[in-house]
Amino acid sequence: MMLKTASFFKVEKDLFYKQGEEKGAEQKSYEVVSNLILDFGFNDEQAARASQTSIDFVKKVRADLDKKKK
């Protein structure tokens, strides 16, 4: 008798699933912060507050954007 995978494997507990989920959330935050900086001229603190991310994350995004300008 074959058991269904779902009966013993919970995808939510899978390490690769969690990593992919976190990566997707980070990518979405990156896009939001990028838009706040480029489209609205937000400073680091404003972008961090509006996007509910850290100032360090915003600084990383800003540095990436500056690199792309060059």
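The rules behind each value
Residues numbered from 1 in each chain as written. Predicted model: local features only at pLDDT ≥ 70, side-chain atom pairs only at ≥ 80, totals over all residues. Heavy atoms only, no water. Salt bridge = Lys/Arg side-chain N within 4 Å of Asp/Glu carboxyl O. Helix = DSSP H or I, 4+ residues; strand = E, 2+ residues; numbered from the N terminus. Buried < 20%, exposed > 50% of the residue type's maximum accessible area, 1.4 Å probe, protein only. Core = buried A, V, L, I, M, F, W, Y, C linked by side-chain atoms within 4.5 Å. Contact = heavy atoms within 4.5 Å. Axes fitted to C-alpha atoms, helices over the stretch in contact; angles between N-to-C directions. Left-handed = near helix turned anticlockwise from the far one by under 90°.

(A) Molecular detail of the pattern of salt bridges. With the rule as written, the count across this model stands at three salt bridges. Arg49 is paired through a salt bridge with Glu45; the nearest N and O atoms lie 3.0 Å apart. In this pair, Arg49 and Glu45 are both assigned in helix α2 (residues 44-51), four residues apart and thus about one turn of the helix distant. Judged by its relative accessible area of 48%, Glu45 falls in the partly exposed class. In this structure, Asp64 engages Lys60 in a salt bridge whose closest nitrogen and oxygen atoms are separated by 3.6 Å. Taken as a pair, Asp64 and Lys60 lie in helix α3 (residues 55-69) at a separation of four residues, close to a single helical turn. By relative accessible area, Asp64 is classed as partly exposed at 21%. Using a relative accessible area of 40% as the deciding quantity, one classes Lys60 as partly exposed.

(B) View of the nonpolar core. Membership of the largest hydrophobic core is limited to 10 residues, which are Tyr30, Val33, Leu36, Ile37, Ala47, Ala48, Phe57, Val58, Val61 and Leu65. Those elements that place two or more of their residues in this core are α1 (15-40), α2 and α3. If we skip the residues at most four places from it in the chain, Tyr30 touches Phe57, Lys60, Val61, Asp64 and Lys68.

(C) Region of interest: the packing of α2 against α3. Packing of α2 against α3 brings their axes to within 9 Å, and their N-to-C directions diverge by 115 degrees. Our pair here, α2 against α3, has a crossing hand that is right-handed. Here α2 contributes Asp44, Glu45, Ala47 and Ala48 to the contact with α3, which in turn contributes Ile55, Val58, Lys59 and Arg62.

Interpretation note: all reported values are geometric properties and have no functional meaning in isolation.
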